[in-house]
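# Architecture at a glance
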Amino acid sequence: MSWNDIPDWSSRVTKAILNSLKAKDSHTYFHCLRVGKSARLLGRSAGLNDYEQKVLEYSGIFHDIGKIGIPDDVLFKPAKLTRDEYRLMKNHTLKSVEILDPLKEVPFFKDIIPAVELHHERLDGTGYPHGLDAKDIPLITRIVSIVDSIDAMVSTRPYCKSMPMDKVISELKKNSGSQFDEDLVKVYIEAHKFWNKESKEDQKKSGDGILVADLLLKSAG
Ligand SMILES: [Fe+2]
């Protein structure tokens, strides 16, 4: 698969689906955009090709789309969830897959589904929705999982404050090998300091509207 296998309508349909998420939950909407962008950047730093970087961007953009289907009193609860509420919340991964189901006949979108479905799996087998072993968790999924967790740590929520970057790095190191891929954590620690500059260069190249996450983040100011 190559860049040419990405349908030219992909960004339009993606923006339309994302508008539904924005209408329901703008916090998750911006989280998805940031995760899409960071997933692409971590993929590039890890040496993945252009097509894989695009799969990463769209996987990040769609990874929490299923939160559209989570009841408001659970999704927006300004406190720790009860066990039952957490069980409901965990359904968002499979709901995301359901939402994308009509697109899975398209090979590019089919390639996005594993990371969307599996981004809460952990290498030690204690993740969800399936409790997979490390060997069954693909590289693209491991990348989305790391940048998703980082974005959650650095974001402020009603029930938890944002974490400073040095603490985020210690968390990544602490959970390296059990939750996160060790090699990818090393790549992130080395490479993320240079991402701002690289991202500006991407924007210059993106006159054709290919970099959806960048463009939507930019248009939101
Ligand atoms: Fe998630």
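Above this text sits the structure in question.
Read on for a plain summary of the structure.

What counts and how
- Numbering of residues begins from 1 in every chain and follows the order in which that chain's sequence is written.
- For this predicted model, a pLDDT threshold of at least 70 governs which residues receive local features, and a threshold of 80 or more governs which side-chain atom pairs are given and counted, while totals over whole chains, interfaces and linings are taken from all residues.
- As a convention, hydrogens and water are excluded, and side-chain values are obtained from all of the structure's heavy atoms.
- Numbering of helices and strands runs from the N terminus, with a helix taken as a DSSP run of H or I at least four residues long and a strand as a DSSP run of E at least two residues long.
- When a residue's accessible area, from a 1.4 Å probe over protein chains only, is under 20% of the maximum for its type it is buried; when over 50% it is exposed; and in between it is partly exposed.
- The contact definition used throughout considers only heavy atoms, calling two residues in contact when any of these lie within 4.5 Å.
- In plain words, nonpolar cores are sets of buried Ala, Val, Leu, Ile, Met, Phe, Trp, Tyr and Cys residues tied together by side-chain atoms within 4.5 Å.
- Salt bridges, as used here, are contacts in which a Lys or Arg side-chain nitrogen is within 4 Å of a carboxyl oxygen on Asp or Glu.

## Looking at the overall build of the chain
- Scanning the chain for helices and strands turns up twelve helices and zero strands.
- Counting from the amino terminus, helix and strand elements in the chain follow one another as α-α-α-α-α-α-α-α-α-α-α-α.
- Once the C-alpha set of the chain is aligned to its principal axes, its extents read approximately 45 × 35 × 35 Å.
- The burial tally for the chain puts 46% of its 221 residues in the buried class.
- In the chain, the proportion of contacts linking residues at least 24 apart, taken out of those at least 6 apart, comes to 68%.

## Side note on the nonpolar core
- Of all hydrophobic cores here, the largest spans 46 residues; its most connected members are Phe62, Ile112 and Leu172.
- Elements represented by at least two residues in this core include exactly helix H1 (10-24), helix H2 (26-45), helix H3 (50-62), helix H7 (107-118), helix H8 (139-154), helix H9 (165-174), helix H10 (182-191) and helix H12 (212-219).
- Setting aside anything within four residues of it in sequence, one finds Leu172 in contact with Ile146, Ile150, Met153, Phe180, Val185 and Tyr188.

## Focus: the pattern of salt bridges
- All told, the structure shown has twelve salt bridges when counted by the stated rule.
- Its salt-bridge partner being Lys54, residue Glu57 comes within 2.4 Å of it at the nearest N-O pair. Note that Glu57 and Lys54 are positioned in helix H3 at a spacing of three residues, about one turn of the helix.
- With a relative accessible area of 0%, Glu57 lands in the buried category.
- A relative accessible area of 2% means that Lys54 is categorised as buried.

On their own, these measurements won't tell you what the molecule is for.
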